[in-house]
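So you can see what is in the structure, the chains are spelled out below.
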Amino acid sequence: MGKLFIVIGVVFIIIGLLWGIFGRLPGDISFKKGNVSFHFPIMTSIVVSIILSVILFIIGKFR
C-alpha cells in the first residue's frame, strides 16, 4: 500500500510539472466577463487522462 502512495505522489508531481509546460491548450474553454472568469480545461483533461491511462497500463503489465 505504501508503494502505491509513492507512485501516486510521483505521478502527481509529474502532472504538476507538465501542467506548467502545457498551460492552456487549444480546445480549453475560457470565459471572462467583468470581474468573473471561468476556465474549463477540456483538452488538458483529455491529455492528462490519456497519459495516466498509459502509465497505469504499463504499471499493470509489470504487476
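For the structure itself, look to the data block above.
Counting restarts for each chain, with residues numbered from 1 along the sequence as it is written. Reporting in this predicted model follows two pLDDT cut-offs: at least 70 for local features of residues, and 80 or more for side-chain atom pairs to be given and counted; totals over whole chains, interfaces and linings ignore these cut-offs and use all residues. Heavy atoms from the whole structure form the basis of all side-chain values; hydrogens and water molecules are not counted.

Undergrad: Run through the overall build of the protein, naming residues and quoting values.
TA: Strands here mean DSSP runs of E at least two residues long; helices mean DSSP runs of H or I at least four residues long; both are numbered from the N terminus. Scanning the protein from terminus to terminus reveals 2 helices and 2 strands. Overall, the protein shows an N-to-C arrangement of helices and strands of α-β-β-α. Against the 2.2 N^0.38 benchmark of 11 Å for 63 residues, the protein shows a C-alpha radius of gyration of 15 Å, more extended than a compact globule. Along the first, second and third principal axes, the C-alpha set of the protein runs to 50 × 20 × 20 Å. Taken over 63 residues, the protein has a buried fraction of 10%. Pairs of residues are marked as contacts when any of their non-hydrogen atoms sit within 4.5 Å. Considering only intrachain contacts with a sequence separation of at least 6, the fraction spanning at least 24 residues in the protein is 27%. Of the roughly 5500 Å² of accessible surface on the protein, 75% is carried by carbon and sulfur atoms. Each radius of gyration is computed over the set of C-alpha atoms, and the globule rule expresses the reference value as 2.2 Å times the number of residues to the power 0.38. Using a 1.4 Å probe on the protein chains alone, a residue whose accessible area is under 20% of its type maximum counts as buried, one over 50% counts as exposed, and one in between counts as partly exposed. Only the protein chains shown count as cover for residues, with accessible areas throughout obtained via the Shrake-Rupley method and a probe of 1.4 Å.

Undergrad: Quick one: what's the story with the environment of Met1, residue by residue and with numbers?
TA: With respect to the helices and strands, Met1 occurs in the segment before α1 (2–22). For the pair Met1 and Val11, spaced 10 residues apart in sequence, the C-alpha to C-alpha distance is 16 Å.

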